[in-house]
Amino acid sequence: SMPPSPGIWRRAARTQNTSRIDRNMLKHLIVSMALASVATVAYAQQSLGDMVAQEGLDWIAGTWQGEDENGGQVTLVYGWELDKNMVTSHVKTSWMESKGVTMLCQKTGEIRYVAADNRGSSVTGAWELADGNPTLKVEYNSADGETNKGAYVHKKIDSNTLEVSVYMGQSAEYLSGTPATVLKFKRKQ
């Protein structure tokens, strides 16, 4: 029998090197996956309260009082619930009252909002930051089947003053144009 050609030895050496490389790549892949799962668990355990505090937005919690464009009283309340995993909201005007909840969707990282009012309307939406201001973008579904969009940009003037710019319809989606109204609130002590 003839001895194997030198080419066979080179191919065999390459195969051994490749499997060594594959094993090293596999080790790195396993370590990377382990680190990613730890990071995901850490992220998934972050509460809404943690996110709000990290952004420096905890000032928004509390009771705020102001007036609408007709001089009617408006009360806006944001309160923490469930170990800062949920925010409840209560809005009361002379013509409407609504209650809602805000929560963090752990799967998407989105801060979602859902509410109902005393006229049978439902509201769904999400919070985002617009120029550093907490902004609630919503879709209203009235009791008679009409749908409309709205956006509420919350701007801190000082520790006791809140300004809410209200956008409706198309301008709500992109916060474009002039707000439909701007409401000024004072923190109720």
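What counts, and at which threshold
Residues numbered from 1 in each chain as written. Predicted model: local features only at pLDDT ≥ 70, side-chain atom pairs only at ≥ 80, totals over all residues. Heavy atoms only, no water. Helix = DSSP H or I, 4+ residues; strand = E, 2+ residues; numbered from the N terminus. Buried < 20%, exposed > 50% of the residue type's maximum accessible area, 1.4 Å probe, protein only. Pairing = 2+ DSSP bridges. Axes fitted to C-alpha atoms, helices over the stretch in contact; angles between N-to-C directions. Core = buried A, V, L, I, M, F, W, Y, C linked by side-chain atoms within 4.5 Å. Contact = heavy atoms within 4.5 Å. Phe/Tyr/Trp six-rings, centres within 6.5 Å; stacked < 30°, edge-to-face > 60°.

Caption draft 1: Seen up close, the overall build of the protein chain. When helices and strands are counted, the protein chain shows three helices and ten strands. In sequence order, the secondary structure elements of the protein chain are arranged as α-α-β-β-β-β-β-β-β-β-β-α-β.

Caption draft 2: Examining unusual backbone geometry more closely. Unlike most non-glycine residues, leucine 82 shows phi in positive territory, near 50 degrees. Tracing the chain through its elements places leucine 82 in the loop between strand E2 (73-81) and strand E3 (86-92). Of note in this structure, aspartate 131 is not a glycine but carries a positive phi near 55 degrees. Given a relative accessible area of 80%, aspartate 131 falls into the exposed group.

Caption draft 3: Structural view of the sheet that holds E2. The strand order E1-E2-E3-E4-E5-E6-E7-E8-E9-E10 describes a closed barrel built from ten strands, whose pairing is antiparallel. Adjacent strand axes in the sheet meet at a mean angle of 25 degrees when their direction is disregarded. Pairing of strand E6 (residues 122-130) with strand E7 (residues 133-141) involves nine bridges; the strand directions are antiparallel. From the neighbouring strand, alanine 130 faces E7, where its bridge partner is asparagine 133.

Caption draft 4: Quick peek at the nonpolar core. Ranked by size, the top nonpolar core spans 25 residues in total, and within it Leu76, Tyr113, Trp127, Leu162 and Phe185 carry the most contacts. Elements with a contribution of two residues or more to this core: helix H2 (48-54), E2, E3, strand E5 (111-117), E6, E7, strand E9 (161-168) and strand E10 (181-187). Beyond its immediate stretch of four places on either side in the chain, phenylalanine 185 contacts Trp64, Gln65, Gly66, Val74, Leu76, Asn160, Thr161, Leu162 and Val164.

Caption draft 5: Representation of the side chain of threonine 102. Considering the arrangement of structural elements, one finds threonine 102 in strand E4 (residues 97-104). Those residues in contact with threonine 102 that lie beyond four places of it in its chain are Leu48, Asn85, Met86, Val87, Ile111, Arg112, Tyr113 and Trp127.

Caption draft 6: Region of interest: the packing of aromatic side chains. As enumerated under the stated definition, the model contains one aromatic pair in all. The interplanar angle of 70 degrees and the centroid separation of 6.0 Å between the aromatic rings of tyrosine 78 and tryptophan 127 together place this pair among those described as edge-to-face. Taken together, the positions of tyrosine 78 in strand E2 and tryptophan 127 in strand E6 put the pair 49 residues apart, joining distant regions of the chain. Residue tryptophan 127 is classed as buried on the basis of its relative accessible area, which comes to 14%.

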